[in-house]
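If you want the building blocks of each chain, they are given just below.
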Amino acid sequence: MDILVIGGGGREHAIVEKLRQNPEVETIYALPGNGGIAAQAQCVDIKATDIEGIVGFAQSHKVDFAVVAPDDPLALGAVDRLEALGIPCFGPNKAAARIEASKVFAKGLMEKYHIPTAKCRVFHQAQEALNYVDSCPLPTVVKADGLALGKGVLICQTREEAREAVQAMMVDKRFGDSGSRVVVEEFLQGPEVSVLAFTDGKTIKPMVSSMDHKRAGDGDTGLNTGGMGTIAPNPLYTPEIAQRCMEEIFLPTIRAMAQEGCPFKGCLYFGLMLTQDGPKVIEYNCRFGDPETQVVLPLMTSDLLSVMQAVAAGNLADTPVEFSKGAACCVMVVSGGYPGAYAKGKAIDVGGAEQVPGATLYHSGTALDAQGRLVTAGGRVLGACGVGPTLEQAIHTAYQAAEQIRFQGAFMRRDIGKKALELARLQA
Ligand code: AMP
Ligand code: GLY
C-alpha cells in the first residue's frame, strides 16, 4: 500500500513513523517531508500549499491513501480534490476545516449549539471594533478570523493595546485577509489542556490528553511560539473532566458539524481551558497539533493506519483506539531568535541523542544539504521525545536526548513538564 503524507514538520515525522509500523505499508511519499522524514519516506519537493502539485502527484503515483496534516492545505480543499480522484483521505474537507480556518464560523457554531466557550463579539468594520474595545471589560482577547500561523491572537491588558490590535489586524492588514473580520472575546483563566480526537463525523474517540508550552521562555515568559514542548497525559485532565468534556463539548461539536451539513472527519483538536465554570473551548484545530502529536502517537498502542482508514470509511465505532499507561515528553530544540528572525543552514550534530533508551528525535525544521549533511531549516528544529512509565522519567529521557543536540544558536526551554509534575504531586 502506498501512502501520501502532506506536510513536513515534527508532527508529520511522528505520523510517518507510526504509519511505518503497519507491515502493509510499502512506500510513503512525504510532500515535502524534511531531513528526518527522509529516512522513512520518499520526500518530494512539492509544497503543502501547492494543491495542483499535490493532486497531480497523487494521480500519477496512484497512491492508495492520503493523510493531509497541516491546516493550510485542509483549508484550501486538498481533501475535496483528492477524494474527487477516488483517493481515500484522512482529514476534513474544506467546509469542515472552517472550524479552524474561520474563528467567526467556530464561535457561531459554539453559540448556536450551546458549547461552552468565551463570550465574544464579531466585527466586520474597524470603527465598530474600536468603539467596542473602548468600553469592554479588560483584559480582552482580540483574534483574527482566519489562519495566522498561531500569531493572530492578542491578549490585551489595556484599551491602548486592544485598539492597536484591532488597528494591526483590520486596518494595517498584518495578517492579510485573515484580519478582515475580528473576534473580540472575554478573557478566560485556568490551566489549558489539549485533546486530539479521531472522528468520522458520527463517532468520536479522544486520544490521550496533553499540555503544550506555547511561550518561548522558561516560566511561561516571552513571546508565543508554535509550541516549545509538550507532555502527555495532562495530569489535570481527570476521568471526571474527560467525561464532562465528552458530554458538553466533544459530542455536541461533532453533532453540530453534521447538523450544519459539514460532518468532520479526521483529527479534531480541542484547545480547552479548565475554568472555574467548567471546561471551555479556547480554540478548535482541524488537524493534529504540533508538538502534541509527538507525545500522543508514541503512546498509542492501536495501529494508526487502521484507525485512519476507519475514519475515512466512516466506521470508527468498530475500531479500537487505545493508549499505553505510560507518559511522554517532547522538548523542542529551536533556532536562536525564534519565534522572531533566525538563521537557517546551520550544521546539526545530534550526538548520541538517538541512542538514549526511550528517546526518539522528531525532525521539525531540518533539511539535508547538497552533501547530505543535516542542517537547520526552520525555527523549531528538532523535538527530543522521551517515553517512560512515569512523567518524571519521560521528562528526564527527553532532556537527556535534547542536551546532546548541537547547532549554532540552539536553545530550548528548561522547564517542559515542570508545571505538570507539580500539579500531579499536588493531586497525589
Ligand atoms: P490560540 O492561537 O487560539 O491557541 O490562542 C493562543 C493562546 O492564547 C491560547 O493557548 C491561550 O493561552 C490564549 N487565549 C486564547 N483565547 C483566550 C481567552 N479567551 N482567554 C484567555 N486566554 C486565551
Ligand atoms: N501546538 C498547537 C497547535 O498545533 O496548534
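So, a few notes on the structure that sits alongside this text. All of these numbers come straight from a predicted model, not from anything done at the bench. (Residues numbered from 1 in each chain as written. Chains lettered and ligands numbered in written order. Predicted model: local features only at pLDDT ≥ 70, side-chain atom pairs only at ≥ 80, totals over all residues. Heavy atoms only, no water.)

### A closer look at the overall build of the protein chain
Then step 1. Within the protein chain, the regular secondary structure consists of 13 helices and 22 strands.
Then step 2. Against the globule reference of 22 Å for 428 residues, the protein chain gives a C-alpha radius of gyration of 21 Å, in line with a compact fold.
Then step 3. Judged by the C-alpha coordinates and their principal axes, the protein chain covers about 60 × 45 × 45 Å.
Then step 4. Looking at the protein chain residue by residue over its 428 residues, the buried ones come to 56%.
Then step 5. Sequence-distant contacts, at least 24 apart, represent 68% of the contacts inside the protein chain between residues at least 6 apart.
Then step 6. Put simply, the protein chain shows about 17700 Å² of open surface, and 50% of that area lies on carbon and sulfur atoms.
Then step 7. Across the protein chain, the 40 positively charged side chains and the 48 negatively charged ones have centroids separated by 3 Å. (Helix = DSSP H or I, 4+ residues; strand = E, 2+ residues; numbered from the N terminus. Rg over C-alpha atoms; globule rule 2.2 N^0.38 Å. Buried < 20%, exposed > 50% of the residue type's maximum accessible area, 1.4 Å probe, protein only. Contact = heavy atoms within 4.5 Å. Areas by Shrake-Rupley, 256 points an atom, 1.4 Å probe, with all protein chains shown as cover. Lys, Arg positive; Asp, Glu negative; His and termini not counted. Charge placed at Lys NZ, Arg CZ, Asp CG, Glu CD.)

### Quick look at the site of ligand 1
Then step 1. Near ligand 1, the surroundings consist of 14 residues, among which Glu185, Glu186, Leu188, Glu192 and Glu283 are the closest.
Then step 2. In the environment of ligand 1, a nitrogen atom lies 2.8 Å from a nitrogen or oxygen atom belonging to the side chain of Glu185.
Then step 3. A distance of 2.8 Å separates an oxygen atom of ligand 1 from a polar side-chain atom of Glu283.
Then step 4. Contact with the protein chains covers 91% of the free accessible surface of ligand 1, which is 470 Å².
Then step 5. Each residue belonging to the shell around ligand 1 can be placed in one class, and the counts come to 8 nonpolar, no polar and 6 charged. (Near = heavy atom within 4 Å. Polar contact = N/O pair within 3.5 Å; in protein donor to acceptor, adjacent residues only side chain to side chain. Nonpolar A, V, L, I, M, F, W, Y, C, P; charged D, E, K, R; others polar.)

### What about helix α1 (residues 10-19)?
Then step 1. Where burial is concerned, most of α1 is hidden: 9 out of the 10 residues are buried.
Then step 2. Of the positions making up α1, those classed as buried are Gly10, Arg11, Glu12, His13, Ala14, Ile15, Val16, Lys18 and Leu19.
Then step 3. Contacts from the buried residues of α1 go to β1 (3-7), β2 (28-32), β4 (65-68), α10 (293-296), α11 (304-313) and β19 (359-363).

### With respect to the side chain of Arg413
Then step 1. Among the structural elements, Arg413 can be located in the loop between α12 (391-402) and α13 (418-427).
Then step 2. The exposure class assigned to Arg413 is buried, which follows from its relative accessible area of 2%.
Then step 3. Polar side-chain contacts of Arg413 include one of 3.1 Å to the side chain of Asp220.
Then step 4. At 2.9 Å, the side chain of Arg413 forms a polar contact with the side chain of Asp415.

### Focus on the pattern of salt bridges
Then step 1. Using the criterion set out here, one finds 21 salt bridges in the structure.
Then step 2. Its salt-bridge partner being Asp134, residue Arg163 comes within 2.5 Å of it at the nearest N-O pair. Placement of the pair is Arg163 in helix α8 (residues 159-171) and Asp134 in the loop between α7 (126-133) and β7 (140-144), with a sequence separation of 29 residues.
Then step 3. Among the residues examined, Arg163 registers a relative accessible area of 29% and is labelled partly exposed.
Then step 4. Since its relative accessible area comes to 39%, Asp134 is described here as partly exposed. (Salt bridge = Lys/Arg side-chain N within 4 Å of Asp/Glu carboxyl O.)

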